[in-house]
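Reading the structure
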Amino acid sequence: MSRLRIAGILLGLAGFIVGSVPAFGQTQLNAAGATFPYPIYSKWFSEYHKKHPDIQINYQSIGSGGGIQQLLSRTVDFGASDGPMTDEQLKKSKIPILHFPTVLGAAVPSYNIPGVNAELNFSGETLANIYLGKITKWNDAAITRDNPGVKLPGTDIVVVHRSDGSGTTYIWTDFLSKVSPEWKSRVGHSTSVNWPVGLGGKGNEGVMGVVKQTPGAMGYVELIYAIQNHVPYGRVKNSTGIFVKADLKSVSEAAAGAATNMPADFRVSITNAPGKGAYPISSFTWLLIPEHFDNPQKGRIVVDFLKWMMVEGQQYTTSLAYAPLPKPVVAKEMKAVSKITF
Amino acid sequence: MNQVLAPTQRNEFPRLTAPTPWSTFSRFRRVRWGEFLTRSITFLSAAAILILTVALAWELYRASQLSIRQFGFKFITSSTWDPVAEDFGAITFIFGTLVTSAIALLLAVPIGLGAAICLAELAPRGLSSILTFIIELLAAVPSVIIGVIGVFVLVPFMREVGGPALKGALGFLPLFSGPNYGVGVLTAGVLLAMMVLPFIISVSREVLLAVPREQREASMALGATRWETTWHVAMVYARSGIFGSIFLALARALGETMAVTMVIGNTPQISASLFAPGYSMAAVIANEFSEATGDLYLNALIEIGLLLFVITMIINALARLMIWATVRKQSTVV
């Protein structure tokens, strides 16, 4: 009897370590990756657990880089990333990896100019030139041209950027690379870049802390952070020449605009997307799912979860300030789910 | 008869030199199991430290292979840090770490020793123990909280008051030139000084209190004043402990991450001005590690960790050497 019990405990322990717990009749999946979608993912996983009490999905928000690493070394069942995996990274995986967009994020320009309360307009080139250090004063002709009627002082612009590697930086620099050839060749886009000018703040709160405290400062923050903390931010000129303020609707529209020529693997940048109402500095965040699961039970759960996430799950997005997936993207992803085998 | 006496004899003449576990083992019949056990356990504990250190160094070295092979020695001298082009160099971070730590010690050592002398030698006992309690409390404040205080109090202070004052008085020096944003190398150094101060004060106070009463009495009897006694006798007697407290502080300053990254400005550059933003080794690892995707990028960050490890070792070795030299010199003089 006692020997049996010990064996049971050992089995349970082994199962717990491996990640599936047959002894307790529960299936555990492990995932890791991006921090930006963590609030919505944890909401989803907990709602999904309520619906299926026997399924537990653990998500560690260790960052996109860590998520990709862990997925490649197969220590997690699936990963999550704010930037799509590169061809080089995809080649390293024995099992092909599929990208599934889940929600959308955006980066917004925020600034602190004493005496100016208006919402400023920025064109892409202006933002690039500010971040290249070529526009150094707030009353530069490039800024005043886009902001008729606003009296801008001649103070220095103190440029602030993220110091930690982040999906927000990825979106921001991806947009600047698209609108400015000089940015593309000199700096490029990534989760961290070699900034030509500026101060680094850790996290959205670090950037905002410096912007709020420093007269003449400008920085970029995640849209969700700006909404939840009532941070004022400016409009950005989109590909049709209209200045658009970022909100959940204009971000979703950017995704819808990009949906028409979406590549089959969903590895697409939607910055500077077409569409009159589209906010240009928007991006998907992705779940990284292996195409084949050796454990059929896990495979079934992942497929079911993805379908649930794209339909029912999307209702939780707006209350957490994430922009939901537009319908055409959901339709395409539904088709892609069928590629998963187990 | 002999056998009966043997245990008492052993008790009367305890062995002064401790036998190794093995020699105890060889005389199996007289083994004292308790002693053998404690000796083995403590030996293993001591060995664990060595194993841990070696394993750490080896792992850092192993995991930074790609970067070491790619950049070689240039990694230490190059000032480029470009994750997009995958071109990495660490000199800006090394500079930031060393300069902020130097500023911290420059500020914290005189203040810390002054406070320790006051608490140990001059202040009334009651006041001294209250202050000591508060200082030890300060040492326990998590660094992220110190960082928050830095962001909301020290940074505005440096921008509005401290920086302009320094500029007014010493603005002709390149050290205090250029724009002052509030965040920067100087602010990080000042914040670090605040963080290491409690270590210097509480350890130095402890060692000053441990100076035997006879030492002081002898000095007083020779006609020395109270200050002369403190400075020439107590401080000299306690010097190795005081050095120890300073190196403990230095180690903390070199490795401090959160508080530094919150106020240093996180810009990899070497500037003559202390107002300019900089970057430290620990800060760049903490900032970029979680989102570093490329292999070479990850290796480069780990190599920075390895360099930090090596630099800490070198500085510690130099510190030991310095203690050894001063103690030897002074003991021949005294």
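So, how was this worked out
- Residues numbered from 1 in each chain as written.
- Chains lettered and ligands numbered in written order.
- Predicted model: local features only at pLDDT ≥ 70, side-chain atom pairs only at ≥ 80, totals over all residues.
- Heavy atoms only, no water.
- Helix = DSSP H or I, 4+ residues; strand = E, 2+ residues; numbered from the N terminus.
- Rg over C-alpha atoms; globule rule 2.2 N^0.38 Å.
- Contact = heavy atoms within 4.5 Å.
- Areas by Shrake-Rupley, 256 points an atom, 1.4 Å probe, with all protein chains shown as cover.
- Salt bridge = Lys/Arg side-chain N within 4 Å of Asp/Glu carboxyl O.
- Buried < 20%, exposed > 50% of the residue type's maximum accessible area, 1.4 Å probe, protein only.
- Pairing = 2+ DSSP bridges.
- Expected span 1.5 Å × (residues − 1).
- Bend = angle between axes of the 7 residues up to and from the residue.
- Domains from an automatic or database assignment.
- Buried area = accessible area lost by both parts, 1.4 Å probe.
- Polar contact = N/O pair within 3.5 Å; in protein donor to acceptor, adjacent residues only side chain to side chain.

Summing up its helical and strand segments, chain A has 13 helices and 11 strands in all. A compact globule built from 342 residues should have a C-alpha radius of gyration of about 20 Å, and chain A, at 22 Å, falls within 12% of that. Overall size of chain A, expressed as C-alpha extent along the three principal axes, is 85 × 40 × 35 Å. Long-range contacts, defined as pairs at least 24 residues apart, comprise 73% of the intrachain contacts of chain A with a sequence gap of at least 6. Here chain A has roughly 14,100 Å² of accessible surface; of this, 56% comes from carbon and sulfur atoms.

Right, let's get into the pattern of salt bridges. Per the counting criterion, the structure on display carries 22 salt bridges over all chains. With a shortest N-O distance of 3.2 Å, Glu-47 of chain A and Lys-50 of chain A are connected by a salt bridge. In this pair, Glu-47 of chain A and Lys-50 of chain A are both assigned in helix α2 (residues 38-51), 3 residues apart and thus about one turn of the helix distant. For the salt bridge of Arg-213 of chain B with Glu-217 of chain B, the shortest nitrogen-to-oxygen distance reads 3.0 Å. Separated by 4 residues within a single helix, Arg-213 of chain B and Glu-217 of chain B lie in helix α10 (residues 213-221), roughly one turn from each other. Since its relative accessible area comes to 41%, Glu-217 of chain B is described here as partly exposed. Three or more residues are tied together by salt bridges with common partners; here these are Lys-43, Glu-47 and Lys-50 of chain A.

With that settled, consider the sheet that holds strand β5 (residues 121-122) of chain A. All names here are of chain A. Across the sheet, which stays open at both edges, the 3 strands sit in the order β5-β9-β10 with mixed pairing between neighbours. Strand pairing shows two members of the sheet lacking a second neighbour, β5 and β10 (243-244), which therefore form its edges. Sheet analysis places β5 next to strand β9 (residues 235-237), joined by 2 bridges and oriented parallel. Within β9, the position partnered with Phe-122 by the bridge is Val-236.

Once that is clear, we can look at helix α8 (residues 143-170) of chain B. Taking 1.5 Å of rise per residue, the 28 residues of α8 of chain B would be expected to cover 40 Å, yet its terminal C-alpha atoms sit only 31 Å apart, more than 12% below that figure. Approximately 55 degrees is the largest bend angle found in α8 of chain B, and it occurs at Met-158 of chain B. Listing the buried residues of α8 of chain B in full gives Ser-143, Ile-146, Gly-147, Gly-150, Val-151, Leu-154, Val-155, Pro-156, Met-158, Arg-159, Gly-162 and Gly-163 of chain B. Residues of α8 of chain B that are buried make contact with α9 (203-213) of chain A together with α9 (185-209), α12 (239-255) and α13 (258-263) of chain B.

Our focus in this paragraph is the domain arrangement of chain A. How big an interface is tends to be reported as the loss of accessible area on association of its parts. Residues and elements named next belong to chain A. Partitioning chain A into structural domains gives domain 1 (26-104 + 285-339) and domain 2 (106-260). When each unit is reduced to the centre of its C-alpha atoms, the spacing between domain 1 and domain 2 is 29 Å. The interface of domain 1 with domain 2 comprises 15 residues on the first partner and 13 residues on the second. Here domain 1 and domain 2 share an interface that buries about 1,100 Å² over both sides, 72% of which is from carbon and sulfur atoms. Along the contact surface separating domain 1 from domain 2 lie 0 salt bridges. In this structure, the connection of domain 1 to domain 2 is made through 1 residue pair in polar contact (both at pLDDT 80 or more). Considering every element that reaches the side of domain 1 that touches domain 2, the biggest residue donor is helix α13 (residues 327-337), with 3 residues.

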